[in-house]
Amino acid sequence: MSTQRQTSAQRVVVDPIACTGHGMCAELFPEWIGLDDWGYPIVQDGDLPDGLRRHAERAVKACPALALKLQRR
Amino acid sequence: MSYRLLAGLPAPTAISLAEHIELHGDVPLPSRTDRSAYIAEVERAGLRGRGGAGFPTSVKLAAVAERRRPMVVVNGVESEPMSSKDRVLLELVPHLVLDGAIVAARISGSRDCVIAAPAVTHPGLRRAIAERRELRKGHLQLKLAATAPGYVAGEETALLSHLEGRGPLPRLTPPRPAERGLRGRPTLVQNVETLAQLALIARHGADWFRSEGSGSRPGTTLVTISGAVQRPGVYEVPTGIPLPLLLSHAGGQSEPTRALLVGGYFGAWVDGTGEGLTLDDDSLRTAGAAGGAGIVVALGQSSCPVAETARLAAWLAVQSARQCGPCVHGLQALADLLIRVASGRAVTGDRQRLDRWTAMIRGRGACAHPDGATRMIASAARVFDRELADHARQGPCSSCQGIPILSTPSTRTAMAA
Amino acid sequence: MALWYSTRATGALSLVLLTASVVLGAVDVTRWSSPRAPRFVIDAIHRTTSLLVVAFVLVHVITAVLDSFAAIRLMDAVIPFASRYRPVWLGLGAVAFDLVLAIVATSLLRGRLGMRAWRAIHWLAYASWPVALVHGLGTGSDVRPGWMLWLSLVCIAAVAAAVLVRAASAAAPTRAFAGTAAALVVSGIGLLAWVPSGPLASGWSEKSGTPKKLLGGTSSARNSHAQQQRTTAPHRGASTR
C-alpha cells in the first residue's frame, strides 16, 4: 500500500470490470466518489488534492472487489 | 475517382494473384532498415484505422516496431450487422489484404500473423495464401482464425481475448495491445481495410494516397450503404464526400429519407439526407456523430424511427459483454425506456431520464460499447424529437409494424465468466 | 476450575463470533444496509468478528493448555488429531482453527494475493464453521446442560438461514436453493442421528477417549465438579449454573 508522501499528482480510478457495485467507496469518500442510479461509482476526474489522500487510501483498502485504485498521473 | 481498393471489381470471383499484380504491381517487402522510412511515409499519408476508432496507423506501427517478438492480428470480424466492406475485401480482393498483412508484419518486425475472419471466407483465403511465395518461404507464419459472434467481438481487446480462448470479452486498457496483446506479446491489431490501404501506400506513397479524400482522414474509404436506396452495397468513395452525394452513388433514395444512421450502431442519426454534412470527423462532430466504420443506413419515410431505435437499443443492451455495471444496467434501462415510449406507455420524466442516463453511463465501461450506444440514442432523441413525443402520447404508429431496416441478429451473448 | 470454565466460555464465544462472521459473509450478497449501518460498517463488523474469533480461540487454546487436567499441548491447536486427549474431537478444533487462520491471513494480504486466490481460500469459511460446531459438540463435555445445546441450535439456525439466503441469490437460484436446502436437511439429519447417541448420551466422555483417570475415580476436589457432569446418567446438568 502506498503510504509514502508523494508530491506527484494522483488520480482515483475504478476498474469497471472488477467493480460489482458494493458502494463502500462512495460511503467512505463522498467528496470524490458518487453513485449512479444503479449503485456503481462515478469517480471525479482530475488530480486528487493532498488533503483528501487519506480518505482515498481508506476507500481503496475497503473495496471488497479490489476495484478502486490510486494511480500516479 | 478511379477505384483503388475495389479496382478490378465487380467480378464474379475473387481477383486472382496474376490479376492483382497486373492491377497494383508487386508488393514491396520492406527490410529492417526501411522500417522507419515506411512508418514516416504512413504518417505523412495520414492513414487512420478503418475499423471504427480511426486511430493513426503510423502510431500503432511505431509502438509495436520497437518491441520484442511482436505480431500482427488482422481484424476481419466486422461485427457491425450493417457493414459488409471487410467481407468484400476478404472474399474478392484477398491478395490486397495479404499484401497489407505482409507489409505490416515487415514494418513492425513480426514473424507471426493471425487473420481473424468469418469461417466462410477461409477457403478462399487459404487458396490465396497458398499462391504466395513470400508466405511459403516461411518468413511470416500466417494462421487463420474463426471469429466469435456478437457485437463486441470486433473490439480489438475482445478479439484478442477470443483468440486466447477466453471468449470475446473486452479488456481494460491500458495496457494497449501494442504493449501487451495476444498472450502478452506486443500486437498490432488492424482492420482489414486499413491493411489494404497500407498495401497501396507502400506501393504508391503518401502523396498518391492523399490525392483523394480530405479532412482528418485522407484517402478513399469503403462505405456500406443500405436501407432506402436503389442500389445498396459497398462503395469506395473519397473521404469528405458530402453525405447526400454518397446516397446518389448508391442510386439515390428509393423513397424520401427521414434520417441517416452514420457510422454504424455506435454512430449517430443525422436528419434527412445529411444535407450540409460530409463524411469527415470534424463535419460529423457538429451533428453529434463520428465517421466510425464506413456505414450509412438510410431510413425511409415508410419506416418508424422510434420503433427502429427502440429495437436497436434493446439489441445493443443484450450485446453487452456484461462485465461492467453501468453498461449492463444503463443500456437496459435506456432500452426499456425507449420501448415504453414507443408503445405509448411513457412515464413522466422519461425524457429527462434519457438525457440523464445517456450522460451518466458514457465513458464508464471497459470498452466503448456504452459510449457508442448512448451516442446513437442521444442522437435519436435529438433528431426524432417529434416522433418520440408523438409515440409517448399516442402509442405505436402505422409504420411501427413495418419491415425492420436495422438488422439485429440474435447471437449467443458473450457471458462474462 | 477457572481455567476450565474459561476454556468452555471462550470456546462457546468463538462459536458465536464465527457464526456471526459466517452469517454476515453469506448474506453480503444481498447488499443490505441501513442509514445507521452503511455497507462499510457491516463489512467492518464482518472483518472485526473474524479477528475476534482468532483472539478468543487463542485464549481458548491457552487456557486449555494451561489447564493441566487434560494433556493438551500448544501444537495440538494447529496440528490436528495428534493429541492424546480426545484426538478426534480436539483435532477437529485444530482443523477449524487452521482454516480460520488461513482465511484471516489471506484476507489481510488480499491486496498482494489478488481476488482469485483470496476467493478460493475464503470459500473454506463454509467448511470451518461446521467443523468448529462439531468440535464444540464433540469435545465439550457439557452439551447436555441446556445452554450449550440451545446455543448450538441457534447458531445452526442462523447459518442455515444465511446460507439459504445466499443460495437464493445465486446465478441459478431455484437449483442452488434446492441443492442447499437438501444439503442442510441431510446434515441436519446426520446431526440429529449423532447427537443423541453421542454427546447427549451418558458416558460420552468415556467413549471419546477421555483418559480413564479423568473419569469417576479421582477424588481431586478440582475435578469433582466437572466429573459429576461427565459420568452422571441422563440428566440435563442444571448444576453447572
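Source: prediction; values computed, not measured.

Enquirer: Explain the overall build of chain C to me, using residue names and the numbers behind them.
Expert: Secondary structure assignment for chain C yields 10 helices and zero strands. In sequence order, chain C lays out its α and β elements as α-α-α-α-α-α-α-α-α-α. When the 241 residues of chain C are sorted by exposure, 30% land in the buried category. Put simply, of all contacts in chain C between residues at least 6 apart along the chain, 64% involve residues at least 24 apart.

Enquirer: Describe the overall build of chain B, with residues and values.
Expert: Helix and strand content of chain B: 17 helices and nine strands. Whereas a compact globule of 417 residues would reach a radius of gyration of roughly 22 Å, chain B reaches 21 Å, a difference of no more than 12%. For the C-alpha atoms alone, the extent of chain B along its principal axes is close to 70 × 45 × 35 Å. In chain B, 72% of the contacts between residues at least 6 apart in sequence involve partners at least 24 apart.

Enquirer: Provide a residue-level description of the nonpolar core, including the pertinent values.
Expert: Within the largest apolar cluster, 132 residues are counted, with the highest numbers of intra-cluster contacts made by V73, V74, L89, V97, A101, V270 and A313 of chain B. Excluding its chain neighbours within four sequence positions, the residues that come into contact with A101 of chain B are V72, V74, C113, I115 and L195 of chain B. Counting 36 residues, the second largest nonpolar core, distinct from the first, contains L17, A94, A132 and V134 of chain C.

Enquirer: Please give an account of the interface of chain A and chain B that cites residues and values.
Expert: Facing the nine residues of chain A at the interface are 11 residues of chain B. The class makeup of the residues in the side of chain A that touches chain B is five nonpolar, one polar and three charged.

Enquirer: Please provide a residue-by-residue account of the domain arrangement of chain B, values included.
Expert: All names here are of chain B. We note that the domain assignment places domain 1 (17–210), domain 2 (220–300) and domain 3 (305–394) within chain B. When each unit is reduced to the centre of its C-alpha atoms, the spacing between domain 2 and domain 3 is 22 Å. Contact residues are listed per partner, giving 12 residues for domain 2 and 14 residues for domain 3. Sorting the residues of the side of domain 2 that touches domain 3 by element identifies β7 (257–262) and β8 (268–271) as the ones contributing at least two each. Residue contributions to the side of domain 2 that touches domain 3 peak at four residues, all from β8.

Enquirer: Which residues make up the environment of P12 of chain B, and what values go with them?
Expert: Within the element layout of this structure, P12 of chain B appears in the segment before α1 (17–24). Linking P12 of chain B and L261 of chain B, residues 249 residues apart in sequence, is a C-alpha distance of 30 Å.

Enquirer: I'd like a rundown of the confidence of the model for chain B, residues and numbers included.
Expert: Chain-level statistics for chain B give a pLDDT mean of 93 and a share of 97% at 70 or above. Low pLDDT (under 50) marks residues 413–417 of chain B, which in the prediction has 14 contacts with non-local residues, meaning those over four places away or in another chain.

Enquirer: A description of the interface of chain C and chain A should follow, citing residues and the corresponding values.
Expert: Contact with chain C, which involves eight residues of that partner, is made by 10 residues of chain A. Contributions of two or more residues to the side of chain C that touches chain A are made by α2 (39–66) and α4 (110–113) of chain C. For the side of chain C that touches chain A, the leading source of residues is α2 of chain C, giving three residues. Classifying every residue of the side of chain C that touches chain A by side-chain character gives three nonpolar, one polar and four charged.

Enquirer: Which residues make up the packing of helix α1 (residues 2–27) of chain C against α2 of chain C, and what values do they have?
Expert: Residue and element names in this part refer to chain C. At a minimum axis separation of 8 Å, α1 and α2 run at an interaxial angle of 160°. Taken together, the axes of α1 and α2 lie roughly antiparallel to each other. As for how α1 packs across α2, the hand of that crossing is left-handed. Here the residues of the contact of α1 with α2 sort into 15 nonpolar, 12 polar and no charged.

Enquirer: Kindly report on the confidence of the model for chain C, identifying the contributing residues and their values.
Expert: All names here are of chain C. Within chain C, residue pLDDT values average 80, and 77% of them lie at 70 or more. Across chain C, element-level confidence peaks in α2 with a mean pLDDT of 94 and bottoms out in helix α10 (residues 221–231) with 45. Per-residue pLDDT stays below 50 along residues 208–241; that stretch engages in 43 contacts with residues further than four places along the chain or on separate chains. Across the predicted assembly, pTM comes out at 0.87 and ipTM at 0.89.

Enquirer: Could you give an account of unusual backbone geometry, naming the residues involved and the relevant values?
Expert: Cis geometry marks the peptide bond from T173 of chain B to P174 of chain B; its omega dihedral reads 10°. In this fold, P174 of chain B is placed in the loop between α8 (156–163) and β4 (187–191). Each neighbour pair has its own omega, and for P174 of chain B with P175 of chain B the value is 5°, a cis peptide bond. Position of P175 of chain B relative to the elements: it lies in the loop between α8 and β4. One non-glycine residue, L66 of chain A, adopts positive backbone phi at about 55°. Position of L66 of chain A among the secondary structure elements: in the loop between α2 (53–62) and β4 (68–72).

Enquirer: Hey, could you go over helix α3 (residues 87–108) of chain C for me, with residue numbers and the actual values?
Expert: Along an α-helix, residues three or four positions apart point the same way, because every turn accommodates 3.6 residues. Residues and elements named next belong to chain C. Here α3 is 22 residues long and its end C-alpha atoms lie 31 Å apart, about the 32 Å a rise of 1.5 Å per residue gives. Residues of α3 that are buried include every one of W89, L90, G91, L92, G93, A94, V95, A96, F97, V100 and I103, and no others. Of the surrounding elements, those touching the buried residues of α3 are α2, α5 (115–122) and α6 (125–139).

Enquirer: Mind laying out the environment of L125 of chain B, listing which residues take part and the relevant values?
Expert: Residues and elements named next belong to chain B. On the secondary structure map, L125 appears in helix α6 (residues 122–131). For L125, a count of 21 C-beta atoms within 10 Å gives the class buried. Setting aside anything within four residues of it in sequence, one finds L125 in contact with L90, P94, I115, A117 and L144.

Enquirer: Please set out the sheet that holds strand β5 (residues 220–227) of chain B residue by residue, giving values where relevant.
Expert: Residues and elements named next belong to chain B. In space, the five strands of this open sheet follow the order β6-β5-β9-β7-β8, with mixed pairing throughout. This sheet does not close on itself; its edge strands, each paired only once, are β6 (233–238) and β8. On average, each strand axis in the sheet is tilted by 30° relative to the strand beside it, whichever way the strands run. In terms of strand pairing, β5 meets β6 through six bridges, oriented antiparallel. By the bridge assignment, I225 is partnered in β6 with G233. Strands in contact with helix α16 (residues 369–383) are β7 and β8; relative to β8, the strand with the most contacts, it is inclined by about 20°.

Enquirer: I'd love a proper account of the pairing of β7 of chain B, names of residues and values included.
Expert: All names here are of chain B. With six of six residues buried, β7 is to be regarded as a mostly interior element. Sheet topology note: the β7/strand β9 (residues 295–300) ladder contains five bridges and is antiparallel. From the neighbouring strand, V262 faces β9, where its bridge partner is V296. Here β7 hands over to β8 after five residues, with G263 in that stretch at a positive phi of 95°.

Enquirer: Lay out the sheet that holds strand β2 (residues 112–116) of chain B with the relevant residues and their values.
Expert: All names here are of chain B. Strands sit in the order β3-β2-β1-β4 across an open sheet of four strands; the sheet is parallel. Two strands lie at the open edges of the sheet, namely β3 (141–145) and β4, each paired on one side alone. Ignoring strand direction, the axes of neighbouring strands in this sheet form an average angle of 20°. The pairing of β2 with β3 spans five bridges and is classified as parallel. In the strand pairing of β3, D112 is matched with Q141. This element, helix α5 (residues 94–108), spans β1 (71–75), β2 and β4 of the sheet and lies at about 150° to β1.

Reading the values: the criteria
Residues numbered from 1 in each chain as written. Chains lettered and ligands numbered in written order. Predicted model: local features only at pLDDT ≥ 70, side-chain atom pairs only at ≥ 80, totals over all residues. Helix = DSSP H or I, 4+ residues; strand = E, 2+ residues; numbered from the N terminus. Buried ≥ 20, exposed ≤ 12 C-beta atoms within 10 Å, placed from the backbone. Contact = placed C-beta atoms within 7 Å. Rg over C-alpha atoms; globule rule 2.2 N^0.38 Å. Core = buried A, V, L, I, M, F, W, Y, C linked by C-beta atoms within 7 Å. Nonpolar A, V, L, I, M, F, W, Y, C, P; charged D, E, K, R; others polar. Domains from an automatic or database assignment. pLDDT = per-residue confidence, 0-100. Axes fitted to C-alpha atoms, helices over the stretch in contact; angles between N-to-C directions. Parallel < 35°, antiparallel > 145°, perpendicular 65-115°, else oblique. Left-handed = near helix turned anticlockwise from the far one by under 90°. Expected span 1.5 Å × (residues − 1). Pairing = 2+ DSSP bridges.

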